[in-house]
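# Structural overview
Chain by chain, the residues run as shown.
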Amino acid sequence: MLLAPLALVAVWWAELPLSPEAQRLAAILAAVGVMWVTEVIPMAMTAFLGVAAAVSLGVAPAQQAFAPFADPLIFLFIGTFILARAIFVHGVDRRVALAILRWRIVGSRPGRLLAAYAGAATLTSMWISNTATVAMMYPIGLSILHVLEREQPRNAAVARFAAVFLLSCAFGASIGGLATPVGTPPNLIGLGFLRRSAGAEVPFFTWMALGIPIVLLLWGWAVWDLRRGLGEMKPLLDRVAEHLEEERKRLGPWTAGQRNTVLAFAFTVALWVAPGLVALCGGQQHPWYRWLTATFPEGVAALFGAGLLFVLPIDWRRYRFTLRWEDAVQIDWWIVFLYGGGLALGTMAFQTGLAEALGKALTARLGIDSAASMLAVSTACATLLSETTSNTASANMIVPVVIAFASSAGAAPVLPALGATLGASLGFMLPVSTPTNAIVYGSGRVPLTTMIRHGLLLDLIGVAAIVAVLLLLGPILLG
């Protein structure tokens, strides 16, 4: 509360080679950055206040400043969140998770159970928020651990397994969010800045072609690293299999709501990936590709899918449909507002010339001139920032800077911006890095030293994987 006004005043009166509008915006961004990092007030409200202050202080007129709140990606957020809400309300996510954990290949081996648990979290978080994924998977994990702890209440091997088992859920959920544009809010934030500030489009299918190899590398490393040192627990895990079978029976048969939710979700995903499949077969000049991208952009597809939830019935006589509006309004509106505010502030940074000036200053000071080094630095900086503040705030702060940095150095900004976007979703070391870590740390079963040790290694592997995949596949997929 004290530092934010001080930062605003200090930058306001500093002698900087900026236009009056750019310097006023720099002062506002200094205060907003402090408030985002410290979370002294809700981050969405900080974004609102930042844009409002920009209008009041003459940075931009209101119509121009608030225009990004109607960006098409805003509606992709809303449609995706409504679909995710239906998946949660009808328990589709829990049914899928239990099905994965009960695979025969898992058997009674602790390493395979851990891999299945992490895999379920990873697959689920590709489509719904990472936090919601852990909120759903966490009780399932605790119920499994309760079975083990009831049989062996003070067993060191069980305690060691409990720590890495819960960590696998948190790490898996954060990793899975990288696979799709809708997997986690920083992805859409990065895409929004690329389109508005760099004039670059990254289609849904192209993102998945880049994201899935990264996810596979990180998931494979996380499982291998976490399962090291696990002892033989077969007799105890036999009881876990019985417990999971009991949980599945409690779910009963598929309901009409679950079937309708899967149908709406599958319809949406089909519209998301169809243009990429057409481009893969016939190229981006194919008339079907151009028709699909113009007729069903990602935001429109998400809204059509969400709309199906209010059309597909589950009880005609009672006039009940798959999703009630009372359930739909429970989506994460704060992320939508935070995205709009961050995009608005970032857009104004380019319009006033602040981003260009910052990019030139960074280029002169760092002396980075190769695309590979720029990508590596951008990814590492975003990862480091995400350890101390939320992933969403990290993306809002660093992606516009990276785009300006790359443009000033005469490099294409797409790969560095994608690296920063993906790096902002890492941050595995600390409970404050991401809500997924905080949830499992709150169980009291995950020592902080264990989280830091495994999280640091995963951060390093994550930066290396992102840089390697983007350098290898980026030029092929992005042209």
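Okay, so let's go over this structure. (Residues numbered from 1 in each chain as written. Predicted model: local features only at pLDDT ≥ 70, side-chain atom pairs only at ≥ 80, totals over all residues. Heavy atoms only, no water.)

Take the overall build of the chain next. When helices and strands are tallied, the chain shows 23 helices and two strands. Compactness check: the chain gives a C-alpha radius of gyration of 23 Å against a globular reference of 23 Å for 479 residues, within 12% of the reference. Projected onto the principal axes, the alpha-carbon positions of the chain cover approximately 70 × 55 × 45 Å. For the chain, the proportion of its 479 residues judged to be buried stands at 53%. In the chain, the share of contacts with a sequence separation of at least 24, taken over all contacts with a separation of at least 6, comes to 78%. Surface accessibility of the chain: about 20600 Å² in total, with carbon and sulfur atoms responsible for 66%. The positive charge centre, built from 30 side chains, and the negative charge centre, built from 24, are 9 Å apart in the chain. (Helix = DSSP H or I, 4+ residues; strand = E, 2+ residues; numbered from the N terminus. Rg over C-alpha atoms; globule rule 2.2 N^0.38 Å. Buried < 20%, exposed > 50% of the residue type's maximum accessible area, 1.4 Å probe, protein only. Contact = heavy atoms within 4.5 Å. Areas by Shrake-Rupley, 256 points an atom, 1.4 Å probe, with all protein chains shown as cover. Lys, Arg positive; Asp, Glu negative; His and termini not counted. Charge placed at Lys NZ, Arg CZ, Asp CG, Glu CD.)

A separate point is the nonpolar core. Met137 and Trp272 are the most contacted members of the largest nonpolar core, which has 106 residues in total. When residues in this core are grouped by element, the largest group, twelve residues, is from helix H9 (residues 156-176). In this structure, Leu25, Ala26, Leu338 and Met348 belong to the second largest nonpolar core, which totals 23 residues. (Core = buried A, V, L, I, M, F, W, Y, C linked by side-chain atoms within 4.5 Å.)

In this section: the packing of helix H7 (residues 110-125) against helix H11 (residues 204-227). Relative to each other, H7 and H11 sit at 145°, their axes nearing to 10 Å. Crossing hand, H7 versus H11: right-handed. Contacts from Gly111, Arg112, Leu114, Ala115, Ala118, Gly119 and Thr122 of H7 reach H11 at Val215, Trp219, Val223, Leu226 and Arg227. Taken together, the residues of the contact of H7 with H11 break down into seven nonpolar, three polar and two charged. (Axes fitted to C-alpha atoms, helices over the stretch in contact; angles between N-to-C directions. Left-handed = near helix turned anticlockwise from the far one by under 90°. Nonpolar A, V, L, I, M, F, W, Y, C, P; charged D, E, K, R; others polar.)

All told, the structure shown has four cavities of 30 Å³ or more when counted by the stated rule. Volume-wise, the largest cavity comes out at about 70 Å³. If you go around the largest cavity, the residues you meet are Leu76, Phe77, Thr80, Phe81, Trp127, Ile128, Ser129, Val182, Gly183, Thr184, Pro185 and Leu188. Where the lining of the largest cavity is concerned, the elements lending two or more residues are helix H5 (72-89) and helix H10 (185-198). Per-class residue counts for the lining of the largest cavity are eight nonpolar, four polar and no charged. By volume, the second largest cavity is sized at about 40 Å³. Forming the walls of the second largest cavity are Val202, Trp207, Leu210, Gly211, Leu418, Leu422 and Leu470. Secondary structure elements with two or more residues in the lining of the second largest cavity: H11 and helix H21 (414-423). In terms of residue count, the dominant contributor to the lining of the second largest cavity is H11 (three residues). Classifying every residue of the lining of the second largest cavity gives six nonpolar, one polar and no charged. (1 Å grid on protein atoms, 1.4 Å probe; cavity = no way out; pocket = protein on both sides within 12 Å on 5 of 7 lines; lining within 4 Å. Points joined across faces, edges and corners; volume = space filled by probe spheres on them.)

Before going further, it helps to examine the packing of aromatic side chains. If you walk through the whole model with that rule in mind, you get 17 aromatic pairs. Ring centres of Trp333 and Phe337 lie 6.3 Å apart, and the angle between their planes is 25°; on these two criteria the pair is classed as stacked. In this pair, Trp333 and Phe337 are both assigned in helix H17 (residues 333-351), four residues apart and thus about one turn of the helix distant. Using a relative accessible area of 29% as the deciding quantity, one classes Trp333 as partly exposed. The side chain of Arg95 reaches across the aromatic face of Trp254, ending 4.9 Å from its centre. (Phe/Tyr/Trp six-rings, centres within 6.5 Å; stacked < 30°, edge-to-face > 60°. Lys NZ or Arg CZ within 6 Å of the ring centre and 35° of its normal.)

Another point: helix H20 (residues 391-408). Under the 1.5 Å per step criterion, the end-to-end length of H20 is 25 Å for 18 residues, consistent within 8% with the ideal 26 Å. The buried count for H20 comes to 14 of 18 residues, which makes it a mostly enclosed element. Gly410 lies just past H20 and shows a positive phi near 80°. (Expected span 1.5 Å × (residues − 1).)

Turning our eyes to something else, we now look at the side chain of Asn396. Among the secondary structure elements, Asn396 is positioned in helix H20. Given a relative accessible area of 5%, Asn396 falls into the buried group. With sequence-adjacent residues up to four places away left out, Asn396 is seen in contact with Trp36, Ile189, Phe193, Leu338, Gly342 and Leu343.

On to the packing of H5 against helix H13 (residues 256-282). Axis angle and axis distance: for two packed helices, these are the angle between their axes and the distance between the axes, and together they describe the pair. Contact pair H5 / H13: the axes reach a minimum separation of 9 Å and the direction vectors enclose 150°. Put simply, H5 runs roughly antiparallel to H13. Considering the relative orientation of H5 and H13, their crossing is left-handed. Taken together, the residues of H13 that come into contact with H5 (itself represented by Leu76, Thr80, Leu83, Ala86 and Ile87) are Thr261, Ala264, Phe265, Thr268 and Trp272. (Parallel < 35°, antiparallel > 145°, perpendicular 65-115°, else oblique.)

On to unusual backbone geometry, then. Positioned with a positive phi, Glu39 is a non-glycine residue whose angle comes to about 55°. Position of Glu39 relative to the elements: it lies in the loop between helix H2 (20-38) and helix H3 (43-56). Judged by its relative accessible area of 44%, Glu39 falls in the partly exposed class. Although it is not a glycine, Tyr319 adopts a positive phi angle of roughly 55°. Tracing the chain through its elements places Tyr319 in the loop between strand E1 (313-315) and strand E2 (320-321).

Let us now look at the side chain of Gln23. Here Gln23 lies in helix H2. Residue class for Gln23 comes out buried when judged on its relative accessible area of 11%. Within the local environment of Gln23, its side chain forms a polar contact with the backbone oxygen of Ala14, the two atoms lying 2.5 Å apart. The residues contacting Gln23, other than those within four sequence positions of it, are Val11, Trp12, Trp13, Ala14, Leu16 and Leu18. (Polar contact = N/O pair within 3.5 Å; in protein donor to acceptor, adjacent residues only side chain to side chain.)

A separate point is the environment of Leu345. Mapping Leu345 onto the fold places it in helix H17. Classification of Leu345 by relative accessible area gives buried; the value is 2%. Each C-alpha atom of the pair Leu345 and Gly111 lies 46 Å from the other, and the pair is 234 residues apart in sequence. Apart from the residues within four sequence positions on either side, Leu345 is in contact with Leu25, Leu29, Val32, Trp36, Gly50 and Val51.

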